[in-house]
Amino acid sequence: MASGRFITLEGGEGAGKSTHVDLLIESLDAAGITAVKSQEPGGGSAEAEKIRALLVEGDVGRWDPVAEALLHSAARRDHLVNIVWPALELGHWVVSDRFADSTMAYQGYGHGLDRAAIEQLYEITVGDFRPDLTIVLDLPAEEGLKRAGKRGGNEDRYERMGLDFHERLRDGFLDIARREPERCVVIDARPPREQVQAAIRDCVAERLEVEFP
Ligand code: TMP
């Protein structure tokens, strides 16, 4: 179907995904590649943004894990249909701050939802489409929560879920990457931003054969 490439950045809270998506898009642009920034849940699609508000704000316990996974899946479908697939069809690249690995990590490893159920949801929502490359930015949960806390704002429902939850999902992301080494690369998010971004660029250059100037 698509001629563009789909790159996803994943990881726990405060790992710097959004900043690194911006920096990667600048670098791709310098390499002559038009890339679109995206994000889940939401991704700039009007209806998915409404679902985002239901998920990232409010009481920690407002959804049970199944309802939460369904809401993320509904937002994902909307984001794919309205933003990602049309951009790829045009030959643009899409770099997304989170995608389906976040459902496996947060609702699966974090909340204990069954792996098979999440895989089934993936098939219904996404089909056999997969990211060309997934970069997992890895950071100790405690450090990530500290960094995320400095951002402020009211989109902090997940940040309030406790350290144990965040440690489980960090292990979850590492496990996801171990299971799919041909798609996923883990990058240590602790060093200074320039060093992390250089590692991301090297990885994109190698895996997707991009020549950065
Ligand atoms: P963020 O856009 O600031 O990262 O916030 C989105 C939150 O939603 C984040 O805490 C992770 C969470 N999330 C899930 O729990 N499951 C998902 O499938 C996705 C995409 C995000």
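Only a predicted model underlies this, so the values are computations on that prediction, with no experimental measurement involved.

Visitor: Is there a simple way to think about the site of the ligand in this case?
Guide: Taken together, 14 residues lie near the ligand, and E13, R76, R98, T103 and Q107 sit nearest. Measuring from a nitrogen atom of the ligand, one finds a side-chain N or O atom of H72 at 3.2 Å. At 2.8 Å from an oxygen atom of the ligand is found a side-chain nitrogen or oxygen belonging to R98. Protein contact buries 93% of the 470 Å² of open area that the ligand shows by itself. Counting residues per element, the shell around the ligand draws most heavily on helix α4 (residues 101-110), which supplies four residues.

Visitor: Help me understand the packing of aromatic side chains, please; the structure alone is not making it clear to me.
Guide: Think of a pair of aromatic rings as described by two things: how far the centres are apart, and how the planes are tilted against each other in angle. All told, the structure shown has six aromatic pairs when counted by the stated rule. With a centroid separation of 5.3 Å and 25° between ring planes, the pair formed by F6 and F129 is classed as stacked. In this pair, F6 is assigned in strand β1 (residues 6-11) and F129 in the loop between α5 (115-126) and β4 (133-138), connecting sequence segments 123 residues apart. The burial state of F6 is the same as that of F129; both residues are buried. With 6.3 Å between their ring centres and 75° between their planes, Y106 and F173 make a pair best called edge-to-face.

Visitor: Would you explain helix α8 (residues 193-208) in this entry?
Guide: In an α-helix there are 3.6 residues to a turn, and that puts residues three or four apart on one side. Taking 1.5 Å per residue as the helical rise, α8 with its 16 residues ought to reach 22 Å, and the 22 Å between its terminal C-alpha atoms agrees with that figure. All of the buried residues along α8 are V196, Q197, I200, C203, V204 and L208. Buried positions in α8, seen along its axis, are confined to an arc of 120° and lie on one side of it. Exposed side chains of α8 directed beyond 90 degrees from the buried face belong to E194, D202 and E206. Trailing α8 by a residue or two, E209 shows a phi angle of about 55°, which is positive.

Cut-offs and rules
- Residues numbered from 1 in each chain as written.
- Predicted model: local features only at pLDDT ≥ 70, side-chain atom pairs only at ≥ 80, totals over all residues.
- Heavy atoms only, no water.
- Near = heavy atom within 4 Å.
- Polar contact = N/O pair within 3.5 Å; in protein donor to acceptor, adjacent residues only side chain to side chain.
- Areas by Shrake-Rupley, 256 points an atom, 1.4 Å probe, with all protein chains shown as cover.
- Helix = DSSP H or I, 4+ residues; strand = E, 2+ residues; numbered from the N terminus.
- Phe/Tyr/Trp six-rings, centres within 6.5 Å; stacked < 30°, edge-to-face > 60°.
- Buried < 20%, exposed > 50% of the residue type's maximum accessible area, 1.4 Å probe, protein only.
- Expected span 1.5 Å × (residues − 1).
- Arc of directions from axis to C-beta.

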